[in-house]
Amino acid sequence: MTITIFHNPACGTSRNTLAMIRQSGEEPIVIDYLQAPPSRERLKALIAAMGITVRQLLREKGTPYAELGLADPKWTDERLLDAMLAHPILINRPIVETPKGVRLCRPSEAVLDILPNPDIGPFIKEDGEVVIDQAGQRLV
């Protein structure tokens, strides 16, 4: 079984998501998408599989989003894709692909819905938020 995560190691949400995948017993293919961005075709396929729009995948915080004027509704999907490919930091993360589906895992616990084994035991995020308690109950 193959699980792939489009990961940014500097992002806490991405690190938490990766930790949950590993705690489920899987070792995913980890793609540092800032160093190795997906191709246009791959990015379009991921967006389609997630059932979201190109605009919904755009990341605003900590990116050149405002500088490039990407909030303007005049930008077509193709132009937005051009911007994401030129500036991969504009691609929101983490994106996780499993045999059960593809998901933008924001918040990180969204990954539990597509893991083959979502019973990962207790899990606490880096910031101390309890996702799954000692009894195995999902709290968020």
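Up top you'll find the structure we're talking about.
Residues numbered from 1 in each chain as written. Predicted model: local features only at pLDDT ≥ 70, side-chain atom pairs only at ≥ 80, totals over all residues. Heavy atoms only, no water.

(A) Quick peek at the overall build of the chain. Along the backbone of the chain there are four helices and six strands. Along the chain direction, N to C, the helices and strands of the chain fall in the order β-α-β-α-α-α-β-β-β-β. Counting only C-alpha atoms, the chain reaches 50 × 30 × 25 Å along its principal axes. Counting over 140 residues, the chain shows a buried share of 41%. Element-wise, carbon and sulfur atoms account for 51% of the exposed surface of the chain, whose accessible area totals about 7100 Å². (Helix = DSSP H or I, 4+ residues; strand = E, 2+ residues; numbered from the N terminus. Buried < 20%, exposed > 50% of the residue type's maximum accessible area, 1.4 Å probe, protein only. Areas by Shrake-Rupley, 256 points an atom, 1.4 Å probe, with all protein chains shown as cover.)

(B) Up close: the side chain of Asn-16. With respect to the secondary-structure elements, Asn-16 resides in helix α1 (residues 12-23). Relative accessible area serves as the criterion here: at 8%, Asn-16 is assigned to the buried category. Reaching out from Asn-16, the side chain makes a polar contact with the backbone nitrogen of Glu-126 at a distance of 3.0 Å. In contact with Asn-16, not counting residues within four places along its chain, are Ser-108, Phe-123, Lys-125 and Glu-126. (Polar contact = N/O pair within 3.5 Å; in protein donor to acceptor, adjacent residues only side chain to side chain. Contact = heavy atoms within 4.5 Å.)

(C) Representation of the pairing of strand β2 (residues 29-32). Bridge count between strand β1 (residues 4-7) and β2: four bridges; the pairing is parallel. By the bridge assignment, Thr-4 is partnered in β2 with Ile-29. Between β1 and its parallel partner β2, the chain crosses via α1, and the hand of that crossover is right-handed. (Pairing = 2+ DSSP bridges. Right-handed = clockwise from strand over helix to strand, strands pointing away.)

(D) Just the packing of aromatic side chains, in detail. The final tally for this structure, using the stated rule, is zero aromatic pairs. Directly above the ring of Trp-75 sits Lys-74, whose terminal nitrogen or CZ lies 4.7 Å from the centroid. (Phe/Tyr/Trp six-rings, centres within 6.5 Å; stacked < 30°, edge-to-face > 60°. Lys NZ or Arg CZ within 6 Å of the ring centre and 35° of its normal.)

(E) Broad picture of the pattern of salt bridges. Under the definition given, this model contains ten salt bridges. Note that Asp-82 and Arg-40 form a salt bridge whose closest N and O atoms lie 2.0 Å from each other. With a gap of 42 residues between them, Asp-82 in helix α4 (residues 77-86) and Arg-40 in helix α2 (residues 40-50) connect regions that are remote in the sequence. Using a relative accessible area of 35% as the deciding quantity, one classes Asp-82 as partly exposed. Exposure remark for Arg-40: the relative accessible area of 22% places this residue in the partly exposed category. Across the pair Glu-78 and Lys-44 runs a salt bridge whose closest N-O atoms are separated by 3.1 Å. With a gap of 34 residues between them, Glu-78 in helix α4 and Lys-44 in helix α2 connect regions that are remote in the sequence. By relative accessible area, which is 37% here, Glu-78 ends up partly exposed. Residue Lys-44 is classed as partly exposed on the basis of its relative accessible area, which comes to 38%. (Salt bridge = Lys/Arg side-chain N within 4 Å of Asp/Glu carboxyl O.)

(F) Spatial organisation of the state of the cysteines. Under the definition given, this model contains zero disulfides. For Cys-11, which is in no disulfide, the shortest distance to another cysteine sulfur is to Cys-105 and amounts to 11 Å. By relative accessible area, which is 0% here, Cys-105 ends up buried. (Disulfide = S-S within 2.5 Å.)

(G) Broad picture of the environment of Pro-122. Mapped onto the fold, Pro-122 is located in the loop between β4 (101-104) and β5 (123-124). For Pro-122, a relative accessible area of 36% gives the class partly exposed. C-alpha of Pro-122 to C-alpha of Gln-137: the two residues are 15 residues apart in sequence and 8.2 Å apart in space. Beyond its immediate chain neighbours, meaning those up to four positions away, Pro-122 contacts Gln-23, Ile-132, Asp-133 and Gln-134.

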